[in-house]
Every structure is written in structure tokens, then in C-alpha cells.
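Descriptive structure summary
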Amino acid sequence: MDSLIYKSIEKETPNSKLTVEGQIPEWLSGDLIRNGPAKFEVGDYKLNHWFDGYSMIHKFSIQDGKVYYKSKFLQSNDYIKSTSANYIKNRSWGTVADPCASIFNKFFSAFTKPEASNASVSILKNGNRIAAVSDFSSMVEFDINTLETKGDVKFSDQFGNDYMFSAAHSCYDPDTKEIFNCLGKPGPKGNFSFVKISESTFERKPFGSLSAPKHTYFHSYALTKNYFIFIEQPLELNIWQLMFSRFLNRPYEACLHWKPENGTKFHLVNRLNGEVKTFKSTPFFFFHTVNAFEEANEVIIDLCLYNDPSVIKDLYLDKLKQNGLKKESMSLLYRAKINLEIGTVDLIQLSDIPLDLPSFNMTRACKSYNYVYGLGLKETEDIEVNNQLVKIDVRSEDIKVWYHKGMYPSEPLFVGTPGSASEDDGIILSVVLDIQKQSSFLLLLNASDFTEIARAYAPVHLPIGLHGMFYQNKHTSKF
Ligand SMILES: [Fe+2]
């Protein structure tokens, strides 16, 4: 098994000019900024789950056909306290805090508020500000040019820092420039506040709310022209286990419980007045939605659907290194069709090729569209994790694949050709780990036919990361 996939990065990389193989289009200019777990040990202690690794921010800058790469660890409070103490100071998905503390110390530390998350999942850019985010509501701001960490975002809105959870993925309407998210405050019941996030600051303004029987795990939403859609999946958080997780030696993952008998609920929140209409389907688990839109009397939501949340347990590092991911562990692209008149929800499988970490042409957000790009899994003898890029035409079900043995791509991002007439006229960007060369490269594919246009190798290997964004011609980088 190729341990390089989860091997920690020991050093930050100063700004480095990369050698480009192929020809980068002249029009492509901007910064690909990615977040993801990159350090899986603290002193003699190991983090157990792939989601637990400490965040590293990566930046690939493209300008005039040239590519530069730099990286820095996110200096979150969690990272600083743990690495300076050489000890795990905070609970995470699969790792308990204070692994060697006595029961006496664990009991009393159970009453202290956990440190902010290490925010290793994604990024959110508002105006000139950019922050690392996770499924905890705390955000860690950093400088988009230098990648130096600025510190936790201090909220002065009515929610302050009291709400523990919000999804790593906000929804964005490119036509209205509105950004949507939800804040969760778990208690004996689930309390969810639906918010719009200011485009110039990170302040949050409520436009609706929901009280649910329990707090449930959420990571992304869907958005149409009229509705913000909060999908309540039956993965319940036991708040008492969470509060006493140190004392009980329970990581976050072990506080979540699958209750399929409750089904999955689609809460359609009116974007104007916050009114909520709820529709129920058979149970499923998901991390990521793709796109959503309205058509006649239907609300249509495409998403990467799992039968249950067992993939979370499959992502423990020991298990991954031992078994790798299996095709049956992966999600498939589904379309949820909500009939607003008769109240039914049909779940329709769009493809049988595994796909997650999806993306699409954002100019088609909230509109009918054709193409989904994502990370897939080709079953081979030595398969470990997602190993191919996939493009699915949701109308014709035509599929295109980029696969090369020993290469592990990351989330593909679509960048449209300026003035393009067709939805898939553009470039796919993905960072690929090349096991044979022991390093990673930025890959550029023609989004239309999935042929390779160019690649640029970084001087280091990058563990497979999570999410990123490409910011095109929005600012001038200072190297
Ligand atoms: Fe995600």
C-alpha cells in the first residue's frame, strides 16, 4: 500500500516556480487555493481519522503560462496548542483529546469548551478576506497572498461564536451574489438558523429557522432561485456524548448515530420570507450536493448519495491503509425530484460510476445544466482511495474518465473559457499525487473531451486534500 497518500508533509514550501509540461492557455490567470489535512501526528501521538489531519493551505498561482506553488500550515489555535505541547489537545472526528490524561483530569476537562476546529476542510472568500472553514462554525482567516494565518474570525453579529456548527460548504447564487449557510446549536433538540453571509465581511444575517427533534450532521446544502434547501439526514448527534466526549473517550464520529427509520427530510426554506416546507424521502447519507433548480412544479436536487454513513468509519487511517476504499463504499450521483404539488420525493440514480467531491460550471448554479465533474474510483488490485476524475452528462449519461495507474487526483474544479458559448468549454484543474515520482502536480484537462492540456509538478508530495477554489483575475498576487 502506498503510504505516501497519507504521509504528513514536514515542511512548508516557499514560493516556487514549477516546470510546466504542455501549454497553459493564455487566458487562464488566477490562484487555485486548496485546503486539506496534511499532518497526521503530534509528537508521539497519531491522529486516527483522515479528517483529523492538521490543515495546510496550498496555493497554485497561474499567470502568463507560468505556475507557482507555495504552502503554509494553518496556524489555528488547535494546531498551535497541540504542536507546541506535542500532544493532542482537541477532540476530532476519530481522535480523542488528551489521549493519555487520567480519568480524573478527563472528567474535569470535560467541562471546558473544546478549542476551535483546525478548519481543514474548505475555504470561504468574502471580498478581500479569506478563511479556512470546516463543519464547525469557527473560521480561521489567512492572508490570500502570503498564506500567513491572521487568526479566528471574531463575529459581531447576533450569533457571535456561540453556534457550534455550520457547513463547510456555503451555497452561492452568482446572479444575486448571495451566500447562504446554516448555523446549528445542538441541545436536547436541534436548533438551526438559516443565514445569509455578507459578501464583504463574514457577518451572518438570519432569514429563517428550524427546530428539529435532534441535531443532525450537515456538510452542504442545495439552492434554487426560490429555496435554500436544508437536507436533514438521519445521522443524529448525541449531545451528551459530545459534551462528555473526553471523559467517555469518544471522538466526534462516535457521537453520531444512524437512525434510518426517520428517513431523510428536505426542508425547503423560502429565500425571501424564511417559510419552511418539508418533504420526506427514504433514508440516505450524503456529504455533497451538486446543483439544484426548479422546473415546472418540481424542485430538482443532484447530490452524491450513500446508502448509509459507513464511509465515515471507512476513512479511519488504519482501515484505509489496510483495505483502501471499495467501490461499494463510494457515493453515486442521484437526482432528488420533489413534487411540490403532491409532496413526493423520487430518488433517481443518474449513473452507476462512483462519484463524490463534485463540481460544475458555476454559471449554471440554480439552473438546468448538463455536466457534473467529480472524483471517482476505479477498482484495481492496488486501489487505495479515489483514483480517477469523472465527467457525467446528466442528460445523456455519457461518461468521460481520466485515469492513470498510480495517480491520485483531487477534487476537480471547472474554470470556464472567457466568452464561452457551451457549458463545458473550459479547463478542469486538479492536484494529482504521482506515487512513482513521489510528488504532486497541478493537472489541466480540457473540460470538454477530458484530454490533458498541461501539468506542473510541485517540489513535494501533497497528501490528498479536500476542497479548494480558483480565483480568476480578482487580485494581484505578491510573491
Ligand atoms: Fe466537502
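For clarity, every value in this text was computed on a predicted model and none was experimentally measured.

1. Focus on the overall build of the protein chain
Tallying secondary structure elements over the protein chain gives 6 helices and 36 strands in all. Rg of the C-alpha trace for the protein chain: 21 Å, near the compact-globule value of 23 Å for 479 residues, within the 12% margin. Each principal axis of the C-alpha distribution contributes one length, and for the protein chain these read about 60 × 60 × 45 Å. Going through the 479 residues of the protein chain one by one, you find that 60% of them count as buried. Long-range contacts, defined here as pairs at least 24 residues apart, represent 60% of the contacts in the protein chain between residues at least 6 apart. Carbon together with sulfur atoms contributes 48% to the accessible area of the protein chain, which is approximately 19,300 Å² in total. Averaging the locations of the 52 positively and 56 negatively charged side chains of the protein chain gives two centres separated by 5 Å.

2. Describing the coordination of the iron ion
The protein atoms donating to the iron ion are His 169 (NE2), His 219 (NE2), His 288 (NE2) and His 467 (NE2), with metal-donor distances spanning 2.0 to 2.1 Å. Coordination of the iron ion draws on donor residues from a single chain, spaced H-x49-H-x68-H-x178-H in sequence. Here His 219, found in the loop between strand S16 (204-212) and strand S17 (222-223), pairs with His 288, found in strand S23 (residues 285-295); they are 69 residues apart in sequence, far enough to count as distant. Neither residue differs from the other here; His 219 and His 288 are each classed as buried.

3. Here's the deal with helix H1 (residues 77-85)
Along H1, the residues classified as buried are Asp 78, Tyr 79 and Ser 82. In an axial view of H1, the angular spread of the buried residues amounts to 95°, which keeps them on one side of the axis. If you follow the buried residues of H1, they end up packed against strand S3 (30-39), strand S4 (41-42), strand S6 (54-63) and strand S7 (66-73). Looking one or two residues past H1, Asn 86 carries a phi angle of roughly 55°, positive in sign.

4. A few points about the sheet that holds strand S27 (residues 356-359)
With antiparallel pairing, 4 strands are arranged side by side in an open sheet as S27-S28-S29-S30. Each end of this open sheet is capped by a strand with a single partner; those strands are S27 and strand S30 (399-403). The sheet shows a mean angle of 20° between the axes of neighbouring strands, direction not considered. Two elements, strand S28 (residues 371-376) and strand S29 (residues 388-393), share 6 bridges in a ladder whose sense is antiparallel. Along S29, the bridge assignment pairs Leu 375 with Leu 389.

5. Quick word on the sheet that holds strand S11 (residues 149-152)
The antiparallel open sheet is built from 4 strands, whose spatial order is S8-S9-S10-S11. Two strands close off the open sheet at either side, each with one partner strand: strand S8 (122-126) and S11. Direction aside, the axes of adjacent strands within the sheet are offset by 30° on average. The pairing of S8 with strand S9 (residues 129-133) spans 5 bridges and is classified as antiparallel. Counted as the bridge partner of Ser 122 is Val 133 from S9.

6. Brief notes about the environment of Val 460
Along the polypeptide, Val 460 turns up in the loop between strand S35 (452-457) and strand S36 (468-472). Distance from Val 460 to Leu 445, taken between C-alpha atoms, is 21 Å for residues 15 residues apart in sequence. The residues contacting Val 460, other than those within four sequence positions of it, are Thr 13, Tyr 69, Gln 438, Ser 439 and Ser 440.

7. Examining the environment of Gln 472
Its location among the elements puts Gln 472 in strand S36. Using a relative accessible area of 23% as the deciding quantity, one classes Gln 472 as partly exposed. If near-sequence neighbours (up to four positions away) are discounted, Gln 472 is found in contact with Trp 27, Ser 29, Gly 30, Val 415 and Gly 416.

8. A few points about the pattern of salt bridges
Under the criterion given, the structure shown has 19 salt bridges. In this structure, Asp 173 engages Arg 271 in a salt bridge whose closest nitrogen and oxygen atoms are separated by 2.8 Å. On the criterion of sequence distance, the pair formed by Asp 173 in strand S13 (residues 171-173) and Arg 271 in the loop between strand S21 (264-270) and strand S22 (276-281) is long-range, its members being 98 residues apart. According to the relative accessible area criterion, Arg 271 is buried, its value standing at 6%. Within the structure, one salt-bridge network assembled from shared partners comprises Asp 173, Asp 175, Glu 178, Lys 196, Lys 225, Arg 271 and Lys 367.

9. Section: the pairing of S23
Among the 11 residues in S23, 9 count as buried, and that is most of the element. Looking at chain direction, S23 and strand S24 (residues 298-306) are connected through 7 bridges and run antiparallel. Across the sheet, Phe 285 pairs through a bridge with Tyr 306, a residue of S24.

10. So, the nonpolar core
Counting residues in each nonpolar core, the largest one holds 67 residues, and the members touching the most others are Trp 50, Phe 194, Phe 228 and Phe 230. Per-element accounting of this core gives the leading share, 4 residues, to S23. What Trp 50 contacts, discounting residues up to four positions off in sequence, is Tyr 6, Pro 37, Phe 40, Leu 315, Leu 317, Leu 320, Ile 464, Gly 465 and Leu 466.

11. Looking at the packing of aromatic side chains
Per the counting criterion, the structure on display carries 36 aromatic pairs. Taken together, a centroid distance of 6.4 Å and an interplanar angle of 80° make the contact between Phe 293 and Tyr 369 edge-to-face. Remark: Tyr 369 occurs in the loop between S27 and S28 and Phe 293 occurs in strand S23; sequence separation between them is 76 residues. The burial state of Phe 293 is the same as that of Tyr 369; both residues are buried. When the ring centre of Tyr 471 is taken as origin, the NZ or CZ atom of Lys 125, which lies over that ring, is 5.3 Å away. Cation over ring: Arg 204 sits above Phe 155, and NZ or CZ is 3.6 Å from the ring centre.

12. Topic: unusual backbone geometry
Of note, Glu 397 is a non-glycine position whose phi angle comes to about 65°, a positive value. Along the chain, Glu 397 falls in the loop between S29 and S30. For Glu 397, a relative accessible area of 48% corresponds to the partly exposed category. If you check the backbone angles, Gln 438 has positive phi at about 55° while not being a glycine.

What counts and what doesn't
Residues numbered from 1 in each chain as written. Predicted model: local features only at pLDDT ≥ 70, side-chain atom pairs only at ≥ 80, totals over all residues. Heavy atoms only, no water. Helix = DSSP H or I, 4+ residues; strand = E, 2+ residues; numbered from the N terminus. Rg over C-alpha atoms; globule rule 2.2 N^0.38 Å. Buried < 20%, exposed > 50% of the residue type's maximum accessible area, 1.4 Å probe, protein only. Contact = heavy atoms within 4.5 Å. Areas by Shrake-Rupley, 256 points an atom, 1.4 Å probe, with all protein chains shown as cover. Lys, Arg positive; Asp, Glu negative; His and termini not counted. Charge placed at Lys NZ, Arg CZ, Asp CG, Glu CD. Donors = N, O, S within 2.8 Å, 3.2 Å for Na, K, Ca; no water. Arc of directions from axis to C-beta. Pairing = 2+ DSSP bridges. Axes fitted to C-alpha atoms, helices over the stretch in contact; angles between N-to-C directions. Salt bridge = Lys/Arg side-chain N within 4 Å of Asp/Glu carboxyl O. Core = buried A, V, L, I, M, F, W, Y, C linked by side-chain atoms within 4.5 Å. Phe/Tyr/Trp six-rings, centres within 6.5 Å; stacked < 30°, edge-to-face > 60°. Lys NZ or Arg CZ within 6 Å of the ring centre and 35° of its normal.

The analysis is restricted to geometry; functional conclusions fall outside its scope.
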